[in-house]
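Descriptive analysis of the structure
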Amino acid sequence: MTQTMTGEKAAPLPPMGTGGFLRWAWRQLTSMRVALILLFLLAIASIPGSVLPQNGTDPVRVDDWIENNPTWGPLLERFGFFDVYAAPWFAAVYLLLFVSLIGCVLPRSLTHLRALRSVPPAAPRRLDRLAGFQSMTDSRSPDEVLEAASEGLRGRRWRVARGDGWVAAEKGYLRETGNLLFHVALVALLISVAYGALFGWRGNVIVRQGTGFSDTLTQYDAWGGGRLVNPDNLPPFAFTLDEFLVEFERDSSQRGAPRLFEANVTVYPSPGAESEAQTIRVNEPLVVDGAKVFLVGHGYSPVLIVRDALGRVVNDQGVVFLPQDGNFTSTGVVKAPDARPALGIQGLFLPTAAVDEIRGPHSTFPAPDDPAVFLSAWTGDLGLDSGVPQSIYRLDTANMTQLGLESLRQGQTWDLPEGIGSVEFAGIERWASFQIAHDPGKEPALISAMLALGGLMLSLFVRRRRVWVRVSPSETGDTVVHVAGLMRSDDADLQPDVTELVDILTEGRPVSR
Amino acid sequence: MSATTLAQWSNMAVYAAMFILIMALVAFAVSFAARGRRAGVTATSPQPVSVGAAGPMAKDNPEAPASAAVIDESGRRAGNIGMSLTWLATGVLLVGVVLRGIWAERVPWGNMYEFSLTMSLGILAVFLIVSLQRDVRWLGLPVVGITLLSLGLAVTVLYTEAAQLVPALKSWWLVIHVSAAVICAGAFTVSTMITLLYLWRDRAERRDVVRGMVAKLPDAQRLDTLAYRIIAFAFPLWTFAVISGAIWAENAWGRYWGWDPKETWAFITWVVYAGYLHARATAGWRGRRAAYISILGYVSLMINYFGVNLFVNSLHSYSGM
Ligand code: HEM
């Protein structure tokens, strides 16, 4: 096969006429040279996505980047450089590569099938110039020697042909089989990935300790699915987060690094089904109803009891605060549109509080050793009725007036000025964030990848080689035996095969040479 | 033995290994530069007479010497000393790595310092395994040189106190994935050294000036084949490393492939080496051009290792720095 591939000449000019041109273009596309160039293009096209921030992983940094580079940012965005792996030009490269691959592999498979059914070609007339050549004499008749050779070779799984005065044998067809399997498996891998992208979905959700989640679209904080997914038909499981455990390194240079986090949950696999207790850890997702639930993050939700001017409680729950750094300096807001008057509270939660002149209030350790909240209270129009969707983690203070600032330790209460209400820092809860994913393409992808690996190993480790025996009677009445071989892959050593053949011939020999 | 003593012993073993490697480097340098008798310069490759290869098959055995006269004695002895010292250094380094693992109570690859130690071990191991099958004393100088570079960076720039792993790294897949990747890194390093020597030798052969040190190398064809064989071994292993990484990522992050910079560069490295294998089967690309491609593959491997760990914001940034 290699021979036909390597025999290509430099491309001639395209012929006239559409048919001729198409045939010419196809031959170009499926040539090894073009495959090589496309492989390079694929490598080069992958690079920008590792240098520029990508929308898929870090949309916030993408926005920053565009803002900081007013000339290049919008231009690069237009050409998909912040979504490289979904960009049309990236798809063009790999689709062309795979078209080329199919166009290359199909004809090769046919050739290979034919080769599998044919017998090795006749031995060359003279063996003495060939690799591993050896000459010896044998007291058996020429026919007996050839018989012994072909029997022995067949027994060692060579494919053997016998002719007048010669035996030819070939081995190592698995090399080409493996190579074809490898390339076909790559196509299967691509199809599996595409299948997973079309039928898979994933979503993210934050669950406070003591509360639950059920798998419907409205419960997700963020959700994305393939084009062929029906978001109304998600698997109907549910779970509650009963307890969240976390530990941090206290000494050594990596102080503050997480050492353990795990979520104890109660799972309801389907409505009405028996519930079961489970633990979700990093690296140990929960598998339920075809979906996988991964623990991806965690944080604190300080319990802020907010009362309004009438003394009514407008919030008594833990509020999800998002961590801003490795020591869990966290921010969050409470919105109380029903309070009289409407209240909004911005807060900073510090598990281990410290204040300094440069950084202001911040946390120095991720565990709640010395917790405090720093609050800023606002009143006025929260902007919730404007119709513009708002983040629940941000307070739009454009139409609000600030009431004041205060810091609280656990158990303390802040009476807002002018009797507008109060805020009590009543306790600390935790929350965990989960990614829930369903990818029906991942098993086929894994199988394809393993097949590709298997094919690759055959293709690289099996050696394709031929050996020959030629016999002629000598003047003394003995038989002169010539053996030699040919290695069809340029990298390897033929000696073991010729030695094997010589062993076959010497084994059954009555008189030594 | 207390934990800190273990750590000190580990560091001492690493320094000892470096010291022995420096001596090996000197020995290989002497061997390389030794000017001895050089008859029949064109076919010089300091191969030993392998017993049993004589007889009618000798001319087809690629390992057989062209003539015993070309082997120059002093160079050979220095080369042997270099090999022995390299074995010793590898053993000592292995002790250092194992002690570090015992100290940290986990596999010793939690940060870049430890990666560099294990990668150095990988380079030496691949070199020594190759040396069991053929005479590669001519390769000692570059291989020991680059290992020393890697260890030197490890103990100076990358050194980190051992610590436990962050939870995301606690997985059996880490052990499998990283050990495959480390062996690959070692093998690709060795093949790259051979490829560089190949380019040097090839240039000399084409200009017909095979004199001096370049004459000590095996001929270009053989260097090319040896580099190919090592890559042919490492490429499937790299494929496996990428697959096992994907399995691990699926378990840890909920997706098997996310185009994270580390994954992207692993992919680029894979594609470039696939390009190398194709180039070897394409007219007009085999030989030197294929060699350049394999060097590009190594460059992307190094970008993945240093560039992504230190400069890029990646899920895989566990350098510990
Ligand atoms: C996704 C794209 C491709 C990848 C990743 C890829 C990868 C590989 C690899 C790793 C090998 C090495 C196995 C060996 O040497 O036996 C190989 C061999 C080969 N590939 Fe591809 N390939 C791709 C596309 C193609 C295309 C488009 C063609 C046809 C033009 C092609 C034709 C071949 C041939 C003929 C060999 C055998 C070379 C030999 O005999 O050494 N491949 N390929």
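Keep in mind that this is a model prediction, so the values were computed, not measured. (Residues numbered from 1 in each chain as written. Chains lettered and ligands numbered in written order. Predicted model: local features only at pLDDT ≥ 70, side-chain atom pairs only at ≥ 80, totals over all residues. Heavy atoms only, no water.)

1. Quick look at the overall build of chain A
- What chain A contains, in helices and strands, is eleven helices and 23 strands.
- The globule rule puts the C-alpha radius of gyration for 513 residues at 24 Å, and the 37 Å found for chain A is more than 25% above it.
- The dimensions of chain A, computed from C-alpha atoms along their principal axes, are 125 × 60 × 50 Å.
- Split into buried and exposed, the 513 residues of chain A put 46% on the buried side.
- Across chain A, contacts joining residues at least 24 apart in sequence account for 63% of those joining residues at least 6 apart.
- Taken as two groups, the 45 positive and 56 negative side-chain charges of chain A have centres that lie 16 Å from each other. (Helix = DSSP H or I, 4+ residues; strand = E, 2+ residues; numbered from the N terminus. Rg over C-alpha atoms; globule rule 2.2 N^0.38 Å. Buried < 20%, exposed > 50% of the residue type's maximum accessible area, 1.4 Å probe, protein only. Contact = heavy atoms within 4.5 Å. Lys, Arg positive; Asp, Glu negative; His and termini not counted. Charge placed at Lys NZ, Arg CZ, Asp CG, Glu CD.)

2. Focus: the pairing of strand 11 (residues 291-307) of chain A
Residues and elements named next belong to chain A.
- Counting buried residues in strand 11 gives 15 out of 17 residues, a clear majority hidden from the surface.
- Where strand 10 (residues 286-288) folds back onto strand 11 in an antiparallel hairpin, the turn is made up of two residues, including Asp 289, whose phi is positive at roughly 55°.
- Sheet analysis places strand 11 next to strand 12 (residues 313-315), joined by two bridges and oriented antiparallel. Along strand 12, the bridge assignment pairs Val 306 with Asn 315.
- The turn linking strand 11 back onto strand 12 is made up of five residues, and Gly 311 within it adopts a positive phi angle of 85°. (Pairing = 2+ DSSP bridges.)

3. A few points about the pairing of strand 15 (residues 343-350) of chain A
Residue and element names in this part refer to chain A.
- Counting buried positions along strand 15 gives seven out of eight residues, so the element sits mostly inside the fold.
- In terms of strand pairing, strand 14 (residues 330-336) meets strand 15 through seven bridges, oriented antiparallel. Note on strand 15: the bridge partner recorded for Ser 330 is Phe 349.
- Between strand 14 and strand 15, which pair antiparallel and follow one another directly, the connecting turn spans six residues.
- Taken together, the eight bridges between strand 15 and strand 18 (residues 372-380) define a ladder with antiparallel strand orientation. Across the sheet, residue Leu 343 finds its bridge partner in strand 18, namely Thr 379.

4. Concerning the nonpolar core
All names here are of chain B.
- Of all hydrophobic cores here, the largest spans 118 residues; its most connected members are Phe 127, Trp 138, Leu 139, Phe 188, Val 190 and Ile 194.
- The greatest single-element share of this core, amounting to 16 residues, is contributed by helix 6 (residues 220-253).
- Non-local contacts of Phe 188, meaning those with residues more than four positions away in its chain, are made with Ile 231, Ala 234, Phe 235, Trp 238, Tyr 273, Tyr 298 and Leu 301. (Core = buried A, V, L, I, M, F, W, Y, C linked by side-chain atoms within 4.5 Å.)

5. Focus on helix 7 (residues 88-117) of chain A
- If you check helix 7 of chain A, its first and last C-alpha atoms are 43 Å apart, about what 30 residues at 1.5 Å a residue would give, namely 44 Å.
- Taken together, the buried positions of helix 7 of chain A are Phe 90, Ala 91, Val 93, Leu 97, Phe 98, Ser 100, Leu 101, Gly 103, Cys 104, Val 105, Arg 108 and His 112 of chain A. (Expected span 1.5 Å × (residues − 1).)

6. Describing the environment of Met 112 of chain B
- Relative to the helices and strands, Met 112 of chain B is located in helix 3 (residues 112-133).
- Sequence-wise, Met 112 of chain B and Val 214 of chain B are 102 residues apart; in three dimensions their C-alpha atoms are separated by 35 Å.

7. Comments concerning the packing of helix 4 (residues 140-156) of chain B against helix 5 (residues 172-206) of chain B
Residues and elements named next belong to chain B.
- It is at 10 Å that the axes of helix 4 and helix 5 come closest, and there the two elements cross at 135°. Taken together, the axes of helix 4 and helix 5 are oblique relative to one another. Two packed elements cross with a definite hand, and for helix 4 against helix 5 that hand is right-handed. For the pair helix 4 and helix 5, contact is made by Pro 142, Val 143 and Ile 146 and by Thr 189, Val 190, Met 193 and Leu 197, respectively.
- Taken together, the residues of the contact of helix 4 with helix 5 break down into six nonpolar, one polar and no charged. (Axes fitted to C-alpha atoms, helices over the stretch in contact; angles between N-to-C directions. Parallel < 35°, antiparallel > 145°, perpendicular 65-115°, else oblique. Left-handed = near helix turned anticlockwise from the far one by under 90°. Nonpolar A, V, L, I, M, F, W, Y, C, P; charged D, E, K, R; others polar.)

8. Side note on the coordination of the iron atom of the ligand
- Within the first shell, the iron atom of the ligand binds the protein through His 183 of chain A (NE2) and His 278 of chain B (NE2), at distances of 1.9 to 2.0 Å.
- Of note is the iron atom of the ligand, whose six donor atoms meet at the metal with angles of 71 to 178° in an arrangement that counts as octahedral. Residue His 183 of chain A is located in helix 9 (residues 174-199), and its partner His 278 of chain B is located in helix 7 (residues 261-280); the two belong to separate chains.
- Using a relative accessible area of 11% as the deciding quantity, one classes His 183 of chain A as buried.
- A relative accessible area of 18% means that His 278 of chain B is categorised as buried. (Donors = N, O, S within 2.8 Å, 3.2 Å for Na, K, Ca; no water. Tetrahedral: all angles 85-135°; square planar, octahedral: opposite > 155°, others 65-115°.)

9. Structural notes on the packing of aromatic side chains
Residues and elements named next belong to chain A.
- Tallying each qualifying case throughout the model produces 28 aromatic pairs over all chains.
- Between the aromatic rings of Phe 213 and Phe 239, the centroid separation amounts to 5.5 Å while the plane-to-plane angle is 45°, which identifies the pairing as tilted. Of the two residues, Phe 213 is situated in strand 5 (residues 212-214) and Phe 239 in strand 7 (residues 238-248); the sequence distance between them amounts to 26 residues. As far as the burial class goes, Phe 213 and Phe 239 line up, both buried.
- For the ring pair Tyr 300 and Phe 349, a centre distance of 5.2 Å and an interplane angle of 50° mean the geometry is tilted. Of this pair, Tyr 300 sits in strand 11 while Phe 349 sits in strand 15; the two residues are 49 residues apart in sequence, bridging distant segments of the chain.
- Residue class for Tyr 300 comes out buried when judged on its relative accessible area of 1%. (Phe/Tyr/Trp six-rings, centres within 6.5 Å; stacked < 30°, edge-to-face > 60°.)

10. Thoughts on the confidence of the model for chain B
All names here are of chain B.
- Summarising the model, chain B shows a mean pLDDT of 82, and 80% of its residues fall at 70 or more.
- Below a pLDDT of 50 lies the segment residues 36-71, which in the model reaches 51 contacts outside its immediate sequence neighbourhood of four places, other chains included.
- Below pLDDT 50 for its whole length, residues 317-321 participates in 21 contacts with residues either more than four positions away or in separate chains.
- Prediction confidence for the complex, expressed as pTM and ipTM, is 0.83 and 0.85 respectively. (pLDDT = per-residue confidence, 0-100.)

11. Observations concerning the sheet that holds strand 18 of chain A
- Strand order in the open sheet formed by five strands is 13-14-15-18-19 (chain A), and the pairing between neighbours is antiparallel. Two strands lie at the open edges of the sheet, namely strand 13 (322-323) and strand 19 (400-409) of chain A, each paired on one side alone.

12. A short note on unusual backbone geometry
All names here are of chain A.
- Look at the link from Arg 340 to Pro 341: it is a cis peptide, with omega at -5°.
- When you line up the elements, Pro 341 lands in the loop between strand 14 and strand 15.
- With a phi angle near 65°, Arg 157 is a residue other than glycine that sits in the positive phi range.
- Mapped onto the elements of the fold, Arg 157 is located in the loop between helix 8 (142-155) and strand 2 (159-163).
- The exposed category is assigned to Arg 157, whose relative accessible area is 72%.
- One non-glycine residue, Phe 328, lies in positive phi territory at about 65°.
- Structurally, Phe 328 can be placed in the loop between strand 13 and strand 14.

13. Looking at the packing of helix 9 of chain A against helix 10 (residues 442-461) of chain A
Residue and element names in this part refer to chain A.
- Running from N to C, helix 9 and helix 10 point in directions that differ by 160°, and their axes come no closer than 7 Å. Judged by the angle between their axes, helix 9 and helix 10 are roughly antiparallel. With respect to the hand of their crossing, helix 9 and helix 10 are arranged in left-handed fashion. Where helix 9 abuts helix 10, its residues Leu 174, Arg 175, Gly 178, Asn 179, Leu 181, Phe 182, Ala 185, Leu 186, Ala 188, Leu 189 and Ser 192 lie against Pro 444, Ala 445, Ser 448, Ala 449, Leu 451, Ala 452, Gly 455, Leu 456, Leu 458, Ser 459 and Leu 460.

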